[in-house]
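# Structure assessment
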Amino acid sequence: MEMCDSEHGTAIFDALYACFDEFTEFLQKNPVWAQKLYNTKERFIRSKDKHYYSTNFFGFYDESQRAGRSQISFYYSIHFHEFMCAHYPEFKQASAIIRFFDLCREIQQPYGHLFTAAAAELGLETMFASTYGHPPILLKIVKYFPSYIATRPHYDGTAFSLFLDSTDNQSLLVSAYKSSYTVDDFFSPLRKVERSHHQHPILLIPGALLTEFSIYPTPHIVVQSGNIRHATIAFAMRPNHTQQKNELSPLPNFNH
């Protein structure tokens with residue numbers, strides 16, 4: 001489902017990508033801070049708040065030198081942010097880290113109600129019920145380098161995935177869920193809303209955590225473009241959920 005996002009225009013996402021680049025450069029030049037951030041994540045995933053997200057994916061992943069992957073990403077959550085500030089006040093000295101975290105929080109906050117509304121429309125009003133009063137959301141910011149290559153589509157291990165912004169929308173290909181796929185089943189969804197200063201298109205898809213309700217995930221792939229690109233995705237997880245093993249349809253290899 002495509003929607004028009006009037007909460008944020010492109011300016012705030014462009015600022016986020018500039019801030020992410022500064023944050024990345026700071027960590028690469030200051031390995032002591034990078035290690036401290038990694039240690040914070042390791043401690044957070046052993047905390048009770050981690051279980052609210054039912055995943056271990058938090059923090060910084062630098063795959064820029066890994067052949068084919070050629071990307072850098074960060075998985076942000078409000079609870080991880082609050083955990084860092086509460087247990088490691090020395091991060092206040094690292095302005096590049098604090099600026100990036102604060103901007104992530106500002107961008108993420110408006111979208112909880114959208115996930116709640118999507119669940120209600122499907123008759124799943126109680127799916128996000130918890131003492132926190134809002135869905136568990138992970139915000140992923142990713143930078144793809146020109147040598148990035150994806151060989152196979154994937155399903156997200158989420159309840160919903162919301163593609164908030166991309167500097168190259170045409171590189172995202174999707175398909176409806178099917179019993180079998182070919183490469184030709186994947187296409188770039190037509191966007192009716194243009195990316196502009198005041199608004200931009202957002203795309204909502206189901207992930208693999210809804211199969212028990214007979215709602216199947218949308219497979220997708222980000223294809224190579226030869227350019228540097230940034231994107232932002234919000235993932236709605238399921239609170240305190242243990243994912244069951246599901247047999248989903250196998251996905252095609254784009255290199256064949």
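Given the structure is predicted, the values throughout are model-derived calculations rather than measurements.

## Digging into the overall build of the chain
Secondary structure summary: the chain contains six helices and nine strands in total. Relative to the 2.2 N^0.38 estimate, which gives 18 Å for 256 residues, the radius of gyration of the chain is 18 Å and therefore close to what a compact globule would have. With the C-alpha coordinates aligned to their principal axes, the bounding extent of the chain is approximately 50 × 45 × 35 Å. Looking at the chain as a whole, 54% of its 256 residues qualify as buried. When contacts within the chain are restricted to residue pairs at least 6 apart in sequence, those whose partners lie at least 24 apart make up 81%. Roughly 12,300 Å² of accessible area belongs to the chain as shown, and the carbon and sulfur atoms make up 51% of that amount. If you average the places of the 22 positive and of the 25 negative side-chain charges in the chain, the two averages end up 7 Å apart.

## Some details on helix α6 (residues 112-121)
Since there are 3.6 residues in each turn of an α-helix, residues three or four apart along the chain are aligned in direction. Those residues of α6 lying buried are Gly112, Leu114, Phe115, Ala118 and Ala119. The arc that holds the buried residues of α6, viewed along the axis, is 165°, so those residues lie on one side. With respect to the buried face of α6, the exposed residues turned more than 90 degrees away are His113 and Glu121. Check the buried side of α6 and you find it contacts β1 (2-5), α5 (95-108), β4 (137-144), β5 (160-166), β7 (200-206) and β9 (229-236). Just downstream of α6 lies Gly123, where phi reads positive at about 75°.

## Focus on unusual backbone geometry
Across the chain, the bulk of peptide bonds are trans and the bulk of non-glycine residues have phi less than zero. Positive phi values are uncommon outside glycine, yet Ser54 reaches one of about 55°. Along the chain, Ser54 falls in the loop between α3 (48-51) and β2 (59-63). In the Ramachandran plot, Ser70 falls in the positive-phi region, its phi being about 40° despite a non-glycine side chain. Examined against the element boundaries, Ser70 turns out to sit in the loop between β2 and β3 (71-76). Relative accessible area serves as the criterion here: at 4%, Ser70 is assigned to the buried category.

## Considering the environment of Ser73
Here Ser73 is to be found in strand β3. The contacts of Ser73, once residues within four sequence positions are left out, are Phe20, Gly59, Phe60, Tyr61, Lys140, Ile141 and Val142.

## Focus: the packing of aromatic side chains
One pass over the structure, following the stated rule, counts 32 aromatic pairs. On the basis of an interplanar angle of 85° and a centroid distance of 4.9 Å, the ring pair of Phe44 and Phe58 is categorised as edge-to-face. In this pair, Phe44 sits in helix α2 (residues 31-44) while Phe58 sits in the loop between α3 and β2, placing the two residues 14 residues apart along the sequence. Note on accessibility: Phe44 and Phe58 belong to one class, buried. Ring centres of Tyr177 and Tyr216 lie 5.0 Å apart, and the angle between their planes is 20°; this geometry places the pair in the stacked category. Taken together, the residues span a long stretch of sequence, with Tyr177 in the loop between β6 (172-174) and β7 and Tyr216 in the loop between β7 and β8 (220-222) at a distance of 39 residues. For Tyr177, a relative accessible area of 27% puts it in the partly exposed group. Taking NZ or CZ as reference, Lys36 lies 6.0 Å from the ring centre of Trp33, over its face.

## Here's the deal with the pairing of β5
Within β5, seven of the seven residues are buried, leaving the element largely enclosed by the surrounding structure. Here β5 pairs with β7 via four bridges, running antiparallel. Residue Phe160 lies in a different strand from β7, and its bridge partner there is Pro206. The sheet contact formed by β5 and β9 spans six bridges and is antiparallel. Residue pairing in the sheet places Ser166 in a bridge with Ala231 of β9.

## Notes on the side chain of His79
Topologically, His79 is positioned in helix α4 (residues 78-87). For His79, a relative accessible area of 7% puts it in the buried group. Separated by 2.6 Å, the side chains of His79 and Tyr53 make a polar contact. Residues contacting His79, with those up to four places away along its chain left out, are Phe44, Asp49, Tyr52, Tyr53, Tyr132 and His134.

The rules behind the values
All residue numbers here refer to positions counted from 1 along the written sequence of the relevant chain. This being a predicted model, a pLDDT of at least 70 is required before a residue's local features are given, and a value of 80 or more before pairs of side-chain atoms are given or counted; all residues contribute to the totals for chains, interfaces and linings. Side-chain calculation: all heavy atoms of the structure are included, whereas hydrogens and water are not. Strands here are runs of E lasting at least two residues and helices are runs of H or I lasting at least four, both read from the DSSP assignment and numbered beginning at the N terminus. The atom set for the radius of gyration is the C-alpha atoms, and the globule formula is 2.2 Å times the number of residues raised to the power 0.38. Note on exposure labels: buried denotes an accessible area under 20% of the residue type's maximum, exposed denotes more than 50%, and partly exposed covers the range between, all computed with a 1.4 Å probe on protein chains only. Throughout, a contact is declared for two residues whenever any of their heavy atoms are within 4.5 Å. Residue-level accessible areas treat just the shown protein chains as cover; the underlying method is Shrake-Rupley with a 1.4 Å probe. Within this scheme the basic residues Lys and Arg register as positive and the acidic residues Asp and Glu register as negative, but His and the chain ends are omitted. Where a charge lies is defined by one atom per residue type, namely NZ (Lys), CZ (Arg), CG (Asp) and CD (Glu). It is the directions from the helix axis to the C-beta atoms that the arc portrays. Centre distance within 6.5 Å is the pairing criterion for rings of Phe, Tyr and Trp, where only the six-membered ring of Trp is used; planes under 30 degrees apart are then read as stacked, over 60 as edge-to-face, and the remainder as tilted. Each ring is checked for a lysine NZ or an arginine CZ that lies within 6 Å of its centre and within 35 degrees of its normal; such an atom marks a charge sitting over the ring. Here, any two strands with at least 2 DSSP bridges between them count as paired. The term polar contact refers here to a pair of N or O atoms within 3.5 Å; inside protein, the definition further demands a hydrogen-donor-capable atom paired with an acceptor-capable atom, and it admits residues adjacent in sequence only when both atoms are side-chain atoms.

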